[in-house]
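# Chains, contacts and geometry: an overview
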Amino acid sequence: MRSKRAELLVGSFIVLGLLAFVYLAVQVSGLGFNSKKDSYHVVARFDDIGGLSDRAKVTIAGVTVGSVDSISYDKKLYMAKVTMSIDSDVNNIPEDSSIAILTSGLLGEKYLGISIGAEDKMLKNGDEIRDTQSALVLENLISQFLFNKTSGSDK
Amino acid sequence: MLDVYIKVQNLRFSRGDRVIFDDVTLVIPRGKITAVMGPSGTGKTTLLRLIGAQLSPDSGTITVDGQNVDELSRSALYKVREKIGMLFQSGALFSDMSVFENVAFPLEEHTKFSAAKIKEIVLEKLHSVGLRGAAYLKPSELSGGMARRVALARAIALDPELVMFDEPFAGQDPISKGVLVELIRKLNASAGITSVLVSHDVEESLSIADHVCIMAGGRVIAEGSPEEIRASQNAQVKQFLHGEPDGPVPFNYPEDTMSDHGGKR
Amino acid sequence: MKSLIALGAWFFDWLEAIGRAGIFIAQSIFRVPVRFGESVNLLVRQLYSVGVLSFVIIVVSGTFIGMVLSLQGYSVLAKFGSEDSVGQLLALSLLRELGPVVTALLFAGRAGSSLTAEIGLMKATEQLSSYEMMGVDPLRRVIAPRFIAGVICLPLLSMVFSAAGIIGGLLVSVGWLGVSDGSFWSLMQQSVNFDTDILNGLIKALVFAVAITWIAVYQGYECVPTSEGIGKATTRTVVLGSLAVLALDFVLTAAMFGDF
């Protein structure tokens, strides 16, 4: 029964190949089943997003609570418009919370961090976070520092 | 007059610049054994491929059982081929199947017989070539003569009207030759199959054929019964039958033709 | 002028060859097989010889490539103090490039050459003619199952290769070099995107599969049926197949990851 054995091996081969695919999808790309988890969308406008990318994480107190859906340019306001989705069980973010673009480590990835405000009204689907803080662009920091230095030495 | 099964008329066929057939006309009578003989390289195998319409002639017609094979549609041609069994020079057994599966293959492909019935037919055909015991061997485990007999069993599995033998005796020891001669004769006598036999083995061919064509230089140089052929006064025929090195058939390959090794491998 | 004519003639010959190869594969696939059960059977047999028999070489080479990649990546990344991102480097290079490309090159050598040789030998021993004389289309009987099996197997093998590579890299970087396995996985998961990395890699593998298997079966079918001719056809399969993979890889990479 050589052909039975061949069929068995072919079957295991296909299953192993598919398992490898699932393994890569789940373990390596972190494509979780929670991506279908309910979420609501919030918008924020920034002067400068400085290298923030799609799928960047959104954190509160350092814990990931959502991710960036899309980034586009708002022509009227000359600002970057970032749409993010936040897990729906995190439904108690006050409306006056502020959001900042942060960097993990000196050269690491950009991500969003929400600092909680004090108001009683909470953010709902489609709301906008008005208090935003742009990314720290390294070049700007350096030039500021140099400018301060030179103006300091003038005194 | 003969009952004609295959009729080749004014056939012309060339490969590249080399003309293989130049105006060939011959008939193959129904229910008889016809031997097509000639020196190597005269395109005898090519003739069989033309009859099976694997190749297409430059001009001229080939009719098999009244149908012009070159003008048939694919499906009609495949229907005609089901009536033809062919024994290739190398046997051409399918190397990925056992002997049994090889013989069963045309049956499974073209009939709706049950597995039991197929098994019965296959074993009967294998029995008729004396290889019933070898049914579950692989083609690679067979000797050359056995492989050819299995191929014969496969060629007759569908009880064809026509069986074409391509050099059935080439490279066989005398005993295998004798066995094959017997088998071909028996087959023809019992089932009334039309047989076409391409060969350069003069004695074996003349001994079983009812009708003989001798080809040389792209033409038919003699056609008739074995007795007529033996009695022929044609110098080329005499040279071929007696295997004389000197004569009208040149020993040297013509120098002006391109050495395109067509016709036969 | 003469060379121009020669060039033109060569170009038309080339076009004709491409056309023949195209018609050949179209006929193999679209002449629908008559009996379903039989064609499944044939396909399984080919999946076995094309896929299962290539499995071990793929797993072994994948593991080693992953291990080497971690070692090399670690030594460079350590200079920048970011040896934790070795998982990220490993996953991205395997999924986007090395997985599909190296698998395809190995596949061309392992499965492609044997497909060509097998079909060439079937031609030399008149098995293909024999099918034809029995009223069975050799394209659908011999070529189609081999082609389809190749197209199914290579993407699967490429996934196996990448997974093996990541496990190999994990062994070296976490087990030996002391990268923390938490950051190994989390940095990897952060940077690997299912659509752009895994699916694109899979598409690459699929394109390579079509190219290699096509070349292999066509070279086998069209080879000069002598031992020398089969040898040449087999070499051509490996050479043309590998070149096609590398050229296609450039085009696909430019199309997939080119828009920075």
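Coordinates for the structure precede this section.
Residues numbered from 1 in each chain as written. Chains lettered and ligands numbered in written order. Predicted model: local features only at pLDDT ≥ 70, side-chain atom pairs only at ≥ 80, totals over all residues. Heavy atoms only, no water.

## Concerning the interface of chain C and chain B
By a frequent convention, interface size equals the accessible area lost on bringing the separate parts together. Tallying the contact residues gives 21 residues for chain C and 26 residues for chain B. Here chain C packs against chain B, burying approximately 2200 Å² in sum over the two surfaces, 48% of which is carbon and sulfur. By the criterion of area lost to chain B, the three top residues of chain C are C:E126, C:M133 and C:M134, representing 34% of everything that side buries. If you look at where chain C meets chain B, you find 4 salt bridges. Two residues, B:D96 and C:R45, come together in a salt bridge whose shortest N-O distance is 3.6 Å. Our count for the chain C to chain B interface comes out at 12 residue pairs in polar contact (both at pLDDT 80 or more). (Contact = heavy atoms within 4.5 Å. Buried area = accessible area lost by both parts, 1.4 Å probe. Salt bridge = Lys/Arg side-chain N within 4 Å of Asp/Glu carboxyl O. Polar contact = N/O pair within 3.5 Å; in protein donor to acceptor, adjacent residues only side chain to side chain.)

## Focus: the interface of chain C and chain A
In this assembly, 30 residues from chain C lie in contact with 25 residues from chain A. Taken over both partners, the interface formed by chain C and chain A buries close to 2300 Å², and the fraction arising from carbon and sulfur atoms is 76%. It is C:Y48, C:L156 and C:F194 in chain C that bury the most area against chain A; as a group they hold 24% of the surface buried on that side. Here chain C and chain A share 0 salt bridges between them. Where chain C packs against chain A, one counts 0 residue pairs in polar contact (both at pLDDT 80 or more). If you tally residues by element for the side of chain C that touches chain A, the top one is helix α5 (residues 138-176) of chain C, at 9 residues. Here the residues of the side of chain C that touches chain A are counted per class, giving 22 nonpolar, 7 polar and 1 charged. (Helix = DSSP H or I, 4+ residues; strand = E, 2+ residues; numbered from the N terminus. Nonpolar A, V, L, I, M, F, W, Y, C, P; charged D, E, K, R; others polar.)

## Some remarks on the sheet that holds strand β6 (residues 84-87) of chain B
All names here are of chain B. The mixed open sheet is built from 6 strands, whose spatial order is β6-β7-β8-β3-β9-β10. The open sheet has two edge strands with one neighbour each: β6 and β10 (219-224). For this sheet, the mean angle separating the axes of adjacent strands, direction not counted, is 15°. Examined bridge by bridge, β6 and strand β7 (residues 162-166) share 4 bridges and lie parallel to one another. Bridging across to β7, L87 finds its partner in F165. In the packing of helix α6 (residues 174-191) onto the sheet, the strands contacted are β3 (33-37), β7 and β8 (194-199), and the crossing angle to β3 comes to about 140°. (Pairing = 2+ DSSP bridges. Axes fitted to C-alpha atoms, helices over the stretch in contact; angles between N-to-C directions.)

## Brief notes about the packing of helix α3 (residues 86-124) of chain C against helix α7 (residues 194-222) of chain C
Residues and elements named next belong to chain C. Axis separation between α3 and α7 bottoms out at 8 Å; the angle between their running directions is 15°. One finds that α3 runs roughly parallel with respect to α7. Of the two possible hands of crossing, α3 and α7 adopt the one that is right-handed. Residue composition of the contact of α3 with α7, by class: 16 nonpolar, 7 polar and 6 charged. (Parallel < 35°, antiparallel > 145°, perpendicular 65-115°, else oblique. Left-handed = near helix turned anticlockwise from the far one by under 90°.)

## Points about unusual backbone geometry
Residues and elements named next belong to chain B. You will see that N10, though not glycine, has its phi angle at about 45°, which is positive. Classification of N10 as partly exposed rests on a relative accessible area of 44%. In this structure, E167 is a non-glycine residue whose phi angle is positive, near 45°. Inspection of the secondary structure assignment puts E167 in the loop between β7 and α6. The buried category is assigned to E167, whose relative accessible area is 0%. (Buried < 20%, exposed > 50% of the residue type's maximum accessible area, 1.4 Å probe, protein only.)

## A few points about the environment of C:A124
Residues and elements named next belong to chain C. Examined against the element boundaries, A124 turns out to sit in helix α3. With relative accessibility at 14%, the residue A124 sits in the buried group. Separated by 27 residues in sequence, A124 and V151 have C-alpha atoms that sit 26 Å apart.

## Observations concerning the packing of aromatic side chains
Evaluation of the coordinates by the stated rule reveals 12 aromatic pairs over all chains. On the basis of an interplanar angle of 80° and a centroid distance of 5.3 Å, the ring pair of B:F94 and B:F105 is categorised as edge-to-face. With B:F94 in the loop between β6 and α3 (99-110) and B:F105 in helix α3, this pair connects stretches of sequence that are 11 residues apart. Accessibility expressed as a relative area gives 3% for B:F105, which makes it buried. Here the aromatic rings of C:W10 and C:W14 are separated by 6.4 Å at their centres, their planes lie at 15°, and the arrangement is stacked. With C:W10 and C:W14 both in helix α1 (residues 2-30) and 4 residues apart, the pair spans about one turn of that helix. By relative accessible area, which is 41% here, C:W14 ends up partly exposed. Grouping aromatic residues by their ring pairs yields a cluster made of C:W10, C:F11, C:F12 and C:W14. A:K57 extends its terminal NZ or CZ atom over the ring of A:Y111, reaching a point 5.3 Å from the ring centre. Above the plane of the ring of B:F94 lies B:R154, whose end atom (NZ or CZ) is 4.5 Å from the centre. (Phe/Tyr/Trp six-rings, centres within 6.5 Å; stacked < 30°, edge-to-face > 60°. Lys NZ or Arg CZ within 6 Å of the ring centre and 35° of its normal.)

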